[in-house]
Amino acid sequence: MSAHVLDQNVLFTDGNHGGQDLLFESIASDLLQKGFSINHNALPIDLAEILLQQAQSLSPQQLTPASTGRKQQRTLNTFVRSDNICWIEGESSAEAEWLVWAEQLQVFLNRRLFLGLFSFESHFAQYEPGDFYKKHFDAFKADPLDKQAQQLTNRVLSIVFYLNPGWLPTDGGELLMYTGDDKQEEVKITPSFNTLVAFLSEEFPHEVLKTQRTRNSIAGWYRVNCSRLDRVDPPL
Ligand code: OGA
Ligand code: MN
């Protein structure tokens, strides 16, 4: 077997193709049991390497200050987050392979958990020394009676993939997730190369602690389909 579980919470695979089903199964069972999943050596190493290369060669022209909110209503709020992002559209082979991988995970989770994931969007994020992302949710639980609000909250699953070889405790920039029944238990995740985190978007408040070093990652979100006759959502 090409993967082994080192402790109850974290899967280490060898990143090869045989490891993929194990990884997907580990994510699925973690999501069922606790709503989040942390995996080291997650992607095939070749894919992780070319994503790292692309992240490291993003030019200032490709990066834009990150905003908060949905695509149509994004607002710039550097008090909340100060990183720069670059949306992934599949233009390079690294991006195209990443999107294929993300779709394979989508298909797996839909079969295994009946999540009904319908679309995926993702971006590179680059945090420079001093950058952070304050405590937030990626999606909001809507009042079941408020049809309109419900239709705006279709991010279901968040994933974050880290691209930082040799990250040290003194580099900061950890992802802090608030877990447990009352969301008081802190889980701190080092943004190390080829670590993948997945979590239910509405369930877990989380933040990115101030980084001391340039910090590269990819953040992605799976949505369910909230289209109505008069509006396509997510937008095509
Ligand atoms: C986000 C986010 C976490 C991270 O982009 O919404 O929470 O560790 N990112 O980069
Ligand atoms: Mn987030």
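S.K.: Explain the overall build of the protein to me, using residue names and the numbers behind them.
M.R.: Counting its regular elements, the protein contains four helices and 15 strands. Within the protein, the fraction of its 236 residues that count as buried is 48%. If you take every contact in the protein between residues at least 6 apart in sequence, the share linking residues at least 24 apart comes to 75%. Carbon and sulfur atoms form 54% of the exposed surface of the protein, whose accessible area is close to 11,900 Å².

S.K.: Explain the side chain of T179 residue by residue, including any values.
M.R.: Among the structural elements, T179 can be located in strand β11 (residues 175-179). The residues touching T179, leaving out its near neighbours within four places in the chain, are F36, Q184, E185, V187 and F204.

S.K.: Can you explain the coordination of the manganese ion (ligand 2)? Please cite residues and give values.
M.R.: Coordination of the manganese ion (ligand 2) by the protein comes from H136 (NE2), D138 (OD) and H206 (NE2), over a distance range of 2.1 to 2.2 Å. Taken in sequence order, the residues that donate to the manganese ion (ligand 2) follow the motif H-x1-D-x67-H. For the pair H136 and D138, a shared accessibility class is recorded, and that class is buried.

S.K.: Give me the lowdown on the pattern of salt bridges, citing residues and values where you can.
M.R.: Following the criterion strictly, the structure yields five salt bridges and no others. The residue E121 makes a salt bridge to R223 at a minimum N-O spacing of 2.7 Å. Of the two residues, E121 sits in strand β8 (residues 119-127) while R223 sits in strand β15 (residues 215-223), which places them 102 residues apart along the sequence. What makes E121 buried here is its relative accessible area of 11%. Take R223: its relative accessible area is 6%, and that puts it in the buried class. Connected via shared salt-bridge partners are E121, R155 and R223.

S.K.: Could you give an account of the packing of helix α2 (residues 45-56) against helix α3 (residues 93-113), with specific residues and numbers?
M.R.: Contact geometry of α2 with α3 gives a least axis separation of 9 Å together with a crossing angle of 130°. Relative to α3, the element α2 is oriented oblique. Crossing handedness for the pair α2 and α3: left-handed. Contact with α2, carried on its side by L47, I50, L51 and Q54, involves S93, A94, E95, E97, W98 and W101 of α3 and no other residues of that element. Residues that form the contact of α2 with α3 fall into these classes: six nonpolar, two polar and two charged.

S.K.: Give a detailed account of the site of ligand 1, specifying residues and quantitative values.
M.R.: Around ligand 1 there are 13 residues in total, and H136, D138, Y162, H206 and R215 lie nearest to it. Within the side chain of H206, an N or O atom sits 2.9 Å from an oxygen atom of ligand 1. Contact distances for ligand 1 include 2.7 Å between an oxygen atom and a side-chain N or O atom of R215. In isolation ligand 1 exposes 290 Å². Once the protein is present, 98% of that is buried. Counting only elements with at least two residues in the shell around ligand 1, the list comes to β9 (133-136), β10 (155-162), β14 (206-208) and β15. Of all the elements, β15 adds the most residues to the shell around ligand 1, at four residues. Residue classes in the shell around ligand 1 are distributed as seven nonpolar, three polar and three charged.

S.K.: Account for the side chain of Q20, naming residues and giving values.
M.R.: Tracing the chain through its elements places Q20 in helix α1 (residues 17-33). Residue Q20 is classed as buried on the basis of its relative accessible area of 11%. Beyond its immediate chain neighbours, meaning those up to four positions away, Q20 contacts W101 and Q104.

Calculation rules
- Residues numbered from 1 in each chain as written.
- Chains lettered and ligands numbered in written order.
- Predicted model: local features only at pLDDT ≥ 70, side-chain atom pairs only at ≥ 80, totals over all residues.
- Heavy atoms only, no water.
- Helix = DSSP H or I, 4+ residues; strand = E, 2+ residues; numbered from the N terminus.
- Buried < 20%, exposed > 50% of the residue type's maximum accessible area, 1.4 Å probe, protein only.
- Contact = heavy atoms within 4.5 Å.
- Areas by Shrake-Rupley, 256 points an atom, 1.4 Å probe, with all protein chains shown as cover.
- Donors = N, O, S within 2.8 Å, 3.2 Å for Na, K, Ca; no water.
- Salt bridge = Lys/Arg side-chain N within 4 Å of Asp/Glu carboxyl O.
- Axes fitted to C-alpha atoms, helices over the stretch in contact; angles between N-to-C directions.
- Parallel < 35°, antiparallel > 145°, perpendicular 65-115°, else oblique.
- Left-handed = near helix turned anticlockwise from the far one by under 90°.
- Nonpolar A, V, L, I, M, F, W, Y, C, P; charged D, E, K, R; others polar.
- Near = heavy atom within 4 Å.
- Polar contact = N/O pair within 3.5 Å; in protein donor to acceptor, adjacent residues only side chain to side chain.

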